[in-house]
Amino acid sequence: MNISDKFKDLIDEKYRNNYIFDTTTQSLDIFYKYFYLGKYDKEEILKELELETEPLAILFLNLIKFQIGEKKEKYNNSKICLEQLKEQEEFFYKIVFNICIYSKLIDILKEIKNIRKDETNFLDNFVFSIYNTIKVFNNHNLIIKVLIFLGKGNKNGIDIINTQRKKITNIVKIPFYISLLELKKFQILDEDLYQEILVEYIEKLIDFSQNKKEVENSLIYLTFLNIGMKKLNNIKNLNIRNSLKEKTKSISEELVKSSKVYNNEIEIIDEEKVNIIKDNFKYLSSEKNLEENIKNLEVLLLKQLNNLSDINKNPSILKSLSKTLYLDENRVISNKEDENKDIYDVTTCIFLNLVILFCENPIFNSCETKKLKYILKNEEMKGFLDEIIENYFCGNYFTCCSAISPTIEKIIRNTYFKLGKSDIELYGKDNSLQKRKNLENLLKDNDIKTIYGEEFINYFSWLFNNDISYYNYRNSVCHGYKNYEEYNKIETTLQLFILILFLKKFYEYFDKIEESKKE
């Protein structure tokens, strides 16, 4: 299918190869600025509308014009949008747009629906039809937005709810029940359906917790079970409520026991640490703002790193705890030891369980990641970051990991240059020879440790650049230690998160310097 290249950025990365893009002489970034960045120039949009000849582009420009227009213009503009939407309807069944485009489109159509009650049937049918495309993303936030658009009693909406309920087959997908139950506030669910979903939600929590695999972390199940238990009093049937209360209480007690590791009388994770991790699970799985969720994850990691001494260093206990998450069999293991090796293993294991929840939260998507302020600001590295993000969300984990390590190293070298330092070192008898410092030596610099945090740098060095580490991400990808199929989503997400933290810390430090200069 041929399509103008002005739509290229609007199409989801996974599906761009399905289309042939025709070149155009007109502005290519007008849609990108509006749909991704929330920015627009009204005069520029009106000017483009006068020049535009492609029907689909005219529709998109009129949709933008409708939303940014004055109240008195809304009715007439909605009429134009509806006429053009009916003419271009078939294109929306052939093109797979990015999540952000559908989200914005539904917002605009919702406003049109409120104005044009006479077009409710057409708009409901149209949104339900594009849901069949949207569902490939399995993005809960977008599905909920479709359900709110369709409203109470809509047969197609009920079908979507029932279909999605059947897809909740493991503990990681369970938060979608919470989103469904919140539809009651929008009067989408009647009381009978609400009660049915609520009971099913608790029953699945019980079932998943009772049948969890031995290698899975009990804390994940315990956290979700506790969230569900808070909703038990909303069940109207007294017999069902009391029965489920007894079951959840019993399972909760078992999960508390299995979430701790014992060796003689030594307990690795004390009650306080369990509660800290449980609290973070809740935010990571339900947070609606990606930047806040990154902050949540950062806080937890830094808490772990800054309290390494609190973790008992008994090797046998640490190794039994580090087996709670199975990734793959490929690890680069050295016979050498260092004092933090086992402690870092435990920290990474605990953190990877949190990363699972982070990456399953629908707010973590390509569109929202590209909008992070410390990614948008980085013009110099935009090409690197775009390629990393697009490959990650396309599931190309080897390609993504291959780019992450050198990109982090480039950030560190850029830090040197911003500080007025050189990454060149002299060597030889008379210092007549010079070479670039390798990553290990770059990380030894005191200013680097100050900017990024000494514990964070030490952990990064162990995780990416240390043969004693099981993970050894940089050397694994550079020296071919792993097979292609062993690059997985969980560990790639951890690496991407570490990259994002480097970007975040870089700009937090240098932005403060720039602000102080203005004062």
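Not measured: the values here are computed from a predicted model.

Caption draft 1: Examining the pattern of salt bridges more closely. Counted by the stated rule, this structure contains 25 salt bridges. Measuring nitrogen to oxygen at the nearest pair gives 3.5 Å for the salt bridge that ties Glu292 to Lys295. In this pair, Glu292 and Lys295 both sit in helix 14 (residues 290-306), three residues apart, roughly one turn of the helix. For Lys295, a relative accessible area of 38% puts it in the partly exposed group. The salt bridge partner of Lys505 is Glu298, with a shortest N-O separation of 3.8 Å. With Lys505 in helix 25 (residues 489-518) and Glu298 in helix 14, this pair connects stretches of sequence that are 207 residues apart. We classify Lys505 as buried; its relative accessible area is 9%. If you follow the salt bridges from partner to partner, you end up with Lys86, Arg116, Asp118 and Glu119 in one network.

Caption draft 2: Examining unusual backbone geometry more closely. In this structure, Gln187 is a non-glycine residue whose phi angle is positive, near 60°. Structurally, Gln187 can be placed in the loop between helix 9 (175-181) and helix 10 (191-210).

Caption draft 3: The arrangement of the confidence of the model for the protein chain in detail. Per-residue pLDDT for the protein chain averages 80, and the proportion of residues at 70 or more is 83%. Predicted confidence is poor over residues 260-274, with pLDDT under 50, and the contacts of this stretch with residues over four places away or in other chains come to 25 contacts. With pLDDT under 50 throughout, residues 312-337 is counted as low confidence; its partners more than four residues away or in other chains account for 63 contacts.

The rules we used
- Residues numbered from 1 in each chain as written.
- Predicted model: local features only at pLDDT ≥ 70, side-chain atom pairs only at ≥ 80, totals over all residues.
- Heavy atoms only, no water.
- Salt bridge = Lys/Arg side-chain N within 4 Å of Asp/Glu carboxyl O.
- Helix = DSSP H or I, 4+ residues; strand = E, 2+ residues; numbered from the N terminus.
- Buried < 20%, exposed > 50% of the residue type's maximum accessible area, 1.4 Å probe, protein only.
- pLDDT = per-residue confidence, 0-100.
- Contact = heavy atoms within 4.5 Å.

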